[in-house]
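Reading the structure
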Amino acid sequence: FTILPVRGLSKAPATDRTTFREDVIRGLTGTPKRLDSKYFYDAVGDKLFQDIMQLPEYYLTGCELEILSGQTREIIHAIQAHTGDFDLVELGAGDATKTRFLLRDLLDEGVDFTYFPIDISTNVIRSLEEYLPAELPALRYKGLNGEYFEMLRAAGALSRKHKVVLLMGANIGNFHPAEALQFCQAIREQLQPGDLLLIGFDLKKDPRVILEAYNDRQGVTKAFNLNLLTRINRELGADFHLDDFEHFPTYDPLSGSCKSYLFSKRAHQVHIGKTVIDFEDNEPVYMEISQKYSLQDAEQMALAAGFKPLVAFQDSRGWFADCLWGV
Ligand code: AVI
């Protein structure tokens, strides 16, 4: 297998640009103003997110790496205890840094499987294509470039085995809890008895630790948020001045909601093509949610979505959990 975007299943670029414009204008003309964090990930955004993952404040990467590098055998044995022959399908594979531990140990244990990394970013799928064969020559894989559910269906059509679906890196946190539940229900609908989901949750912890992870000293997270304005300038012909906006992350320890905003530092107007957007002084634009959960919250979500919670693998500080759910 080689990694190639599945053309025809992913959206055509022209439609993407139209949808992007509609979403941005709807978001910035609504009250309160908002932008969708799924648009963070252009080529620069992908790179900035890679940089975020290396930041000392962004503990999430280290926690999940600790789980996947230190408990790989336990994870594999738990998977094998709850399913038969399986293929691995990863939603939002990214650079698969953490998944590589799992892939390597599965190969070492002689497990016969195919890896289907799915990602919305063409860049991500292309770079996986470069290093996966070099690093894991024995690995069978097929990269799928497009929306999660379309690609999950595509993976289902290509596989005759049970599916072990991976949703790592706290990606579920970028949905509001009600949407996260719907998302898990939608995954569940595509799975059969004997299939499994391994899903990462960033757990509630010292609120200061969480807030710092989204407010790093080097300002990479700020640049990551502002980059969406640069993308809108470039792709939609807008005239945002980045200096007019400030990055403002918040964390509510009661609800576990970590939300990021950009706020306008002065009253001014921005043009997106022919559309004029009025910003008031200090007006916030809601950019992203990174929801934090307790283990009980995660378990409740599993049950509400129709899964059976099986095992939760945690790092030594109990800051992060990769939870195995069965069907
Ligand atoms: C991709 N996602 C899990 C990251 C998060 O922690 O919510 C995105 C991110 N946003 C700012 N820093 C990292």
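These figures come from a predicted structure and were not determined experimentally.

Along its length, the protein chain carries eleven helices and 14 strands. Taken against the 2.2 N^0.38 rule, which gives 20 Å for 327 residues, the C-alpha radius of gyration of the protein chain at 20 Å falls within 12% of a compact globule. Considering only C-alpha atoms, the protein chain reaches an extent of 60 × 45 × 35 Å along its principal axes. For the protein chain, buried positions account for 51% of its 327 residues. Approximately 14,700 Å² of the protein chain is accessible, and the part contributed by carbon and sulfur atoms is 52%.

Before going further, it helps to spend a moment on the sheet that holds strand β9 (residues 257–264). Pairing within the open sheet is mixed, and its four strands lie in the order β1-β12-β9-β8. With one partner strand each, in any of the chains shown, β1 (33–34) and β8 (245–252) form the two edges of the open sheet. Bridge count between β8 and β9: eight bridges; the pairing is antiparallel. By the bridge assignment, D252 is partnered in β9 with S257.

The next point concerns the state of the cysteines. In the structure shown here, the tally under the stated rule is zero disulfides. No disulfide involves C184; its nearest neighbouring cysteine sulfur is the one of C323, lying 10 Å away. You can see C258 has no disulfide; the closest cysteine sulfur is in C63, sitting 15 Å from it.

What follows deals with the site of the ligand. Lining the immediate environment of the ligand, one finds 13 residues, of which Y58, N174, Y214, E288 and S290 sit closest. N174 places a polar side-chain atom, nitrogen or oxygen, 2.8 Å from a nitrogen atom of the ligand. In the environment of the ligand, an oxygen atom lies 2.6 Å from a nitrogen or oxygen atom belonging to the side chain of Y214. Elements that contribute at least two residues to the shell around the ligand include exactly α2 (43–54) and α10 (220–236). For the shell around the ligand, the residue count by class is seven nonpolar, five polar and one charged.

Cut-offs used in this document
- Residues numbered from 1 in each chain as written.
- Predicted model: local features only at pLDDT ≥ 70, side-chain atom pairs only at ≥ 80, totals over all residues.
- Heavy atoms only, no water.
- Helix = DSSP H or I, 4+ residues; strand = E, 2+ residues; numbered from the N terminus.
- Rg over C-alpha atoms; globule rule 2.2 N^0.38 Å.
- Buried < 20%, exposed > 50% of the residue type's maximum accessible area, 1.4 Å probe, protein only.
- Areas by Shrake-Rupley, 256 points an atom, 1.4 Å probe, with all protein chains shown as cover.
- Pairing = 2+ DSSP bridges.
- Disulfide = S-S within 2.5 Å.
- Near = heavy atom within 4 Å.
- Polar contact = N/O pair within 3.5 Å; in protein donor to acceptor, adjacent residues only side chain to side chain.
- Nonpolar A, V, L, I, M, F, W, Y, C, P; charged D, E, K, R; others polar.

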